[in-house]
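Read off the chains here:
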Amino acid sequence: MAGGRAVTAYCSGIIEIEGKGKIGFQASRAVSGDPADDHALVTGLVTGGTGAYDGVDGEMDLTPPATADGTWRAEFR
């Protein structure tokens, strides 16, 4: 909660899978300000793709890094 109000973070991005193409996505989630929530799973919508992923749609889950290496994990369905 920021300033007594709930905040929602919105993002969009492109994930490139080397040699195969790119996948575009949009996602949002509530941000509470609680550091324990920093590692919450984010579910987004697949908005399109290129190459092998031309015309894709569906959902994806983004899992924030659990370790200091900063690696996010994306799963598509």
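Residues numbered from 1 in each chain as written. Predicted model: local features only at pLDDT ≥ 70, side-chain atom pairs only at ≥ 80, totals over all residues. Heavy atoms only, no water.

A. Spatial organisation of the overall build of the protein. For the protein, the count of helices and strands is zero helices and five strands. Across the protein, helices and strands are ordered from the amino to the carboxyl terminus as β-β-β-β-β. Across the 77 residues in the protein, those meeting the buried criterion constitute 19%. Once local pairs closer than 6 in sequence are excluded, the contacts in the protein between residues at least 24 apart make up 26%. Split by element, the accessible area of the protein, about 5,500 Å² in all, is 53% carbon and sulfur. (Helix = DSSP H or I, 4+ residues; strand = E, 2+ residues; numbered from the N terminus. Buried < 20%, exposed > 50% of the residue type's maximum accessible area, 1.4 Å probe, protein only. Contact = heavy atoms within 4.5 Å. Areas by Shrake-Rupley, 256 points an atom, 1.4 Å probe, with all protein chains shown as cover.)

B. Seen up close, the nonpolar core. Ranked by size, the top nonpolar core spans eight residues in total: Ile23, Phe25, Ala27, Val42, Val46, Tyr53, Met60 and Leu62. Looking at this core, the elements that each hand over two or more residues are strand 2 (21-31), strand 3 (42-49) and strand 4 (58-63). By residue number, the principal contributor to this core is strand 2, which donates three residues. (Core = buried A, V, L, I, M, F, W, Y, C linked by side-chain atoms within 4.5 Å.)

C. Looking closely at the environment of Ile23. Relative to the assigned elements, Ile23 resides in strand 2. Given the relative accessible area of 5%, Ile23 is considered buried. For the pair Ile23 and Gly13, spaced ten residues apart in sequence, the C-alpha separation works out to 8.4 Å. Sequence-distant contacts of Ile23, that is, excluding residues within four places in its chain, are made with Gly13, Ile14, Ile15, Ile17, Val46, Gly48, Gly49, Tyr53 and Phe76.

D. The arrangement of the pairing of strand 4 in detail. Pairing analysis gives five bridges linking strand 3 to strand 4, with the strands arranged antiparallel. Across the sheet, the residue bridging to Val42 is Leu62, located in strand 4. Relative to strand 5 (residues 73-76), strand 4 is paired through four bridges, and the arrangement is antiparallel. When the sheet's bridge partners are listed, Asp61 is paired in strand 5 with Glu75. (Pairing = 2+ DSSP bridges.)

E. Spatial organisation of the environment of Gly44. Its location among the elements puts Gly44 in strand 3. Looking at Gly44, the relative accessible area reads 5%, which means it is buried. Measuring from C-alpha to C-alpha, the distance between Gly44 and Tyr10 comes to 9.9 Å, with 34 residues separating the pair along the chain. Ignoring anything within four residues of it in the chain, the contact list for Gly44 reads Gln26, Ala27, Gly58, Glu59 and Met60.

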